Amino acid sequence: MGESRRGPLKSAVPSNIVSPVRRCSRTACGRSAVATLTYVYADSTAVLGPLATYAEPHCYDLCAEHSERLTAPRGWEVVRLTDGSAPARPSGDDLEALANAVREAARPPERPGGPGPGGGSGPRGVDQGEVGRRGHLRVLRSPDS
């Protein structure tokens, strides 16, 4: 039984073309896939997310370059999902908060009786009920005292 007119059948054909690594679905691109593209036709949406666990027949695996350059037809929306394991790029707000924290840490400690926020007579127009300050938090006097 395992023979045909041409000779014995082989269970596997060794090939240098087939690779266990998933490749980009774009024509003539041989780079490794890093993302999976799925179309939701009912919502006119293209969803680009992390590489799927296994290849789906109606999904497209894309390399990093093609996933970054992805555009959708006019009237369609592209939704880019992040996988959470990749480090997020810092936003402008994150960088500003970091710079403010560094400035605050470099500031010399304030004297409670002298001018400034602790003394209540600083140039910033600080509230007279303010007792102390730590970063952006203020300690206020009780209204009863």
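Rules used throughout
Residues numbered from 1 in each chain as written. Predicted model: local features only at pLDDT ≥ 70, side-chain atom pairs only at ≥ 80, totals over all residues. Heavy atoms only, no water. Pairing = 2+ DSSP bridges. Helix = DSSP H or I, 4+ residues; strand = E, 2+ residues; numbered from the N terminus. Phe/Tyr/Trp six-rings, centres within 6.5 Å; stacked < 30°, edge-to-face > 60°. Buried < 20%, exposed > 50% of the residue type's maximum accessible area, 1.4 Å probe, protein only. pLDDT = per-residue confidence, 0-100. Contact = heavy atoms within 4.5 Å. Axes fitted to C-alpha atoms, helices over the stretch in contact; angles between N-to-C directions.

1. Let's talk about the pairing of strand 4 (residues 45-50)
Thought 1: Note that strand 3 (residues 35-40) and strand 4 share six bridges and pair antiparallel. Bridging across to strand 4, Thr 36 finds its partner in Gly 49.
Thought 2: Alignment of strand 4 against strand 6 (residues 77-80), held across four bridges, turns out to be parallel. Bridge pairing in strand 6 places Ala 46 opposite Val 78.

2. Focus on the packing of aromatic side chains
Thought 1: Tallying each qualifying case throughout the model produces four aromatic pairs.
Thought 2: The interplanar angle of 85 degrees and the centroid separation of 5.8 Å between the aromatic rings of Tyr 41 and Trp 76 together place this pair among those described as edge-to-face. Linking Tyr 41 in the loop between strand 3 and strand 4 with Trp 76 in the loop between helix 1 (64-68) and strand 6, this pair joins segments that are 35 residues apart in sequence.
Thought 3: With a relative accessible area of 61%, Tyr 41 lands in the exposed category.
Thought 4: Grouped by ring-pair contacts, the aromatic residues Tyr 39, Tyr 41, Tyr 60 and Trp 76 constitute a single cluster.

3. So, the confidence of the model for the chain
Thought 1: Overall, the prediction assigns the chain a mean pLDDT of 75, with 63% of residues at 70 or greater.
Thought 2: Scored below 50 in pLDDT, residues 118-123 makes 11 contacts in the model with residues more than four places away or belonging to other chains.

4. Remarks on the sheet that holds strand 4
Thought 1: A sheet is described by the order of its strands in space; here four strands give the open sequence 5-3-4-6, paired in mixed fashion. In the strand order of this sheet, the two ends are held by strand 5 (60-62) and strand 6, each with one partner. The average undirected angle you get between the axes of adjacent strands in this sheet is 25 degrees.

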